[in-house]
Every structure is written in structure tokens, then in C-alpha cells.
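# Structure at a glance
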Amino acid sequence: QRAEAAGVKGLGGVDVTVGDVTQGAAALAPQMQGADAVVCAIGFGQSSGLCLSCPQQVDYLGVVNLVEAAEEAGVDKFVLVSSLLTDGWAAGQGLNPNFLLLNAFGGLLDQKLKAEKRLRASKLAWTIVRPGGLKNEPPAAGTEVVVGAENTLFEGSISRDQVAEVCV
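This is a predicted model, so every value here is computed, not measured.

Let's shift gears to the sheet that holds strand β3 (residues 125–129). In space, the three strands of this open sheet follow the order β1-β2-β3, with parallel pairing throughout. Strand pairing shows two members of the sheet lacking a second neighbour, β1 (37–40) and β3, which therefore form its edges. Here the strands of the sheet are splayed against their neighbours by 10° on average, with no regard to which way each runs. Bridge analysis of strand β2 (residues 77–81) against β3 gives five bridges, and the strand direction is parallel. Among the inter-strand pairings, F78 is bridged to a residue of β3, identified as W126. Across the face of the sheet, helix α3 (residues 54–73) comes into contact with β1 and β2 while running at roughly 170° to β2.

Structural data, given as C-alpha cells:
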């Protein structure tokens, strides 16, 4: 339902499947059979209410389940949409107000970092995208995506449309 609302259904060359990332890799792998790539843009949302275990269940274990399912299904490429400041501690940003806010409930960024580490250790070809604050509005004309090396950008926002373009 959310995929349809986001306009994802019916895109040429894109198959969208519905599953529960908390159910384990074995339940997800059959849906990935024959896929060339997986784009993972899941994440615990504040609209779900206060749930201190949700970042671990979704942003870490859910991603791990998808990575393991992709490995099992023979998928070649995995693109993970993570978050700016995910590695804030190592980047010297542990006191950045945005890092503190995002990590305050359930260690969201810490969970995302654990998921990134699992993906890096996988046998999949992978790309990790760490966008800034996500905006629902399309980008203004002429707006360019700023790309930097890992742990070099610590603020900013981006249109969800531009993140999607980077991912595919």
C-alpha cells in the first residue's frame, strides 16, 4: 500500500514485493529470486510512535534479514539507504545535535551502523547511501546532489526523489 502511495508500483523494470523484514531471511529470499539488485530504504519511522526496540528490529535486524535473503537468493547488488551521521562517533560528531537527536531513542544511528557493517561483510556487491534530512518535495530546478567521501558531510537535506536517482 505504501509503495502504491509513493508511486513505486508500475515502474518499468522494477518489481516491488511486500514482506515483513522482521520475519527472517528464509521468508524473504523467495521474493528475491531472479532479482539483479535490492534497494533497501527501510527504516523505523517516528510515525510508529515511541518504540525503543524498533530501531534494532527494523534498522539493524531487518536489514540483516534482507542482506542474508539477498545472499541466499543469489542477488548480485545491494543498495542500502542509511543516514547521514551514521558513523558519528568515529567521525568526531558524537556531540552533533542532529546525531544526539537521531540516536536518542533506541540508538537509531548505532543500529544503522551495525547493519552497514553486516552488509560490508557480505558477499554482495554493495553501495551505502547516507542522505541528509529527507524532504518530500521534488528538488528545485538546478539543485545538484552533493556527494562526499564517507564521514565528511554532517548536515544538509535532500529530496527523496534525488535519493532514489542515486540508488538506481
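There is more to say after this.
Phi at L85 takes a positive value of approximately 75°, unusual for a residue other than glycine. Relative to the assigned elements, L85 resides in the loop between β2 and α4 (97–103). For L85, a relative accessible area of 7% gives the class buried. Even without a glycine there, the phi angle at N151 is positive, about 60°.

Right, let's get into a nonpolar patch on the surface. Where nonpolar side chains cluster on the molecular surface, the patch consists of L50, L52 and F105 and spans about 350 Å² of accessible area. Tracing the chain through its elements places L50 in the loop between β1 and α3. Note on L50: relative accessible area 70%, which makes it exposed.

Attention shifts here to the packing of α3 against helix α5 (residues 108–120). Put simply, α3 and α5 touch, their axes get as near as 8 Å, and they point 10° apart. Comparing their axes, α5 and α3 come out roughly parallel. Crossing of α3 against α5: the hand is right-handed. The segment α3 lies against α5, with P55, Q56, D59, Y60, V63, V64, V67, E68 and E71 engaging L108, Q111, K112, K114, A115, R118 and L119. For the contact of α3 with α5, the per-class residue count stands at eight nonpolar, two polar and six charged.

Conventions and cut-offs
Residues numbered from 1 in each chain as written. Predicted model: local features only at pLDDT ≥ 70, side-chain atom pairs only at ≥ 80, totals over all residues. Heavy atoms only, no water. Pairing = 2+ DSSP bridges. Helix = DSSP H or I, 4+ residues; strand = E, 2+ residues; numbered from the N terminus. Axes fitted to C-alpha atoms, helices over the stretch in contact; angles between N-to-C directions. Contact = heavy atoms within 4.5 Å. Buried < 20%, exposed > 50% of the residue type's maximum accessible area, 1.4 Å probe, protein only. Patch = residues over 30% accessible without salt bridge, like charges linked within 9 Å, V, L, I, M, F, W, Y side chains within 5 Å. Areas by Shrake-Rupley, 256 points an atom, 1.4 Å probe, with all protein chains shown as cover. Salt bridge = Lys/Arg side-chain N within 4 Å of Asp/Glu carboxyl O. Parallel < 35°, antiparallel > 145°, perpendicular 65-115°, else oblique. Left-handed = near helix turned anticlockwise from the far one by under 90°. Nonpolar A, V, L, I, M, F, W, Y, C, P; charged D, E, K, R; others polar.

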